[in-house]
Amino acid sequence: QVQLVESGGGLVQAGGSLRLSCAASGRTFTRDTMGWFRQAPGKEREFVACITWLGGRLSYANSVKGRFTISRDDAESTVYLQMNSLKPEDTAVYYCAADSLLGRCAFVVKEYEYWGQGTQVTVSS
């Protein structure tokens with residue numbers, strides 16, 4: 001059974017940092033495209049960052065470019081999202097996603113097959 005489990009969320013002041021982790025299990029994820037999305041209250045889920053197989057391609061939403069970094073450790077089947085210079089508008093539930101067939105970065109929710117349960121990130125002003 002495929003599982004994605006996020007961790008690392010919490011409450012942080014504006015300007016602070018957090019590192020989110022997504023632990024994948026149930027099969028090998030080495031060739032998967034992995035993505036991070038977020039959903040703020042009353043808003044649709046939106047793309048944050050993605051990373052392809054072997055980290056060959058990285059993509060970021062414009063709103064987080066230069067502040068967030070996605071990485072993966074395939075030996076640990078874990079994907080990370082390092083978030084620096086956090087802003088109140090970064091407050092959301094952050095979700096990890098995976099898909100084995102994409103072979104590229106994807107920016108749309110429906111393109112990913114597997115999802116985690118989410119972790120709350122709250123940035124206070």
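This report concerns the structure included in the present document.

About the criteria used
Residues numbered from 1 in each chain as written. Predicted model: local features only at pLDDT ≥ 70, side-chain atom pairs only at ≥ 80, totals over all residues. Heavy atoms only, no water. Pairing = 2+ DSSP bridges. Helix = DSSP H or I, 4+ residues; strand = E, 2+ residues; numbered from the N terminus. Axes fitted to C-alpha atoms, helices over the stretch in contact; angles between N-to-C directions. Buried < 20%, exposed > 50% of the residue type's maximum accessible area, 1.4 Å probe, protein only.

Re the sheet that holds strand E7 (residues 68–73)
- Read across the open sheet, the 4 strands follow the order E1-E3-E8-E7; overall the sheet is antiparallel. The sheet terminates laterally at strand E1 (3–7) and E7, the two strands that pair on one side only. Going from strand to strand, the sheet's axes swing by 15° on average, the running direction of each strand aside.
- One ladder, built from 6 bridges, connects E7 with strand E8 (residues 78–83); its direction is antiparallel. Of the residues in E8, the one forming a bridge with Arg 72 is Val 79.

Considering unusual backbone geometry
- The phi angle at Ser 77 is positive, at roughly 50°, despite the residue not being glycine.
- In this structure, Ser 77 sits in the loop between E7 and E8.
- Here Ser 77 falls in the partly exposed class, since its relative accessible area comes to 24%.
- One non-glycine residue with positive phi stands out, namely Ser 85, at about 50°.
- Assignment of secondary structure puts Ser 85 in the loop between E8 and strand E9 (92–99).

None of the figures reported here should be taken as evidence of function without further support.
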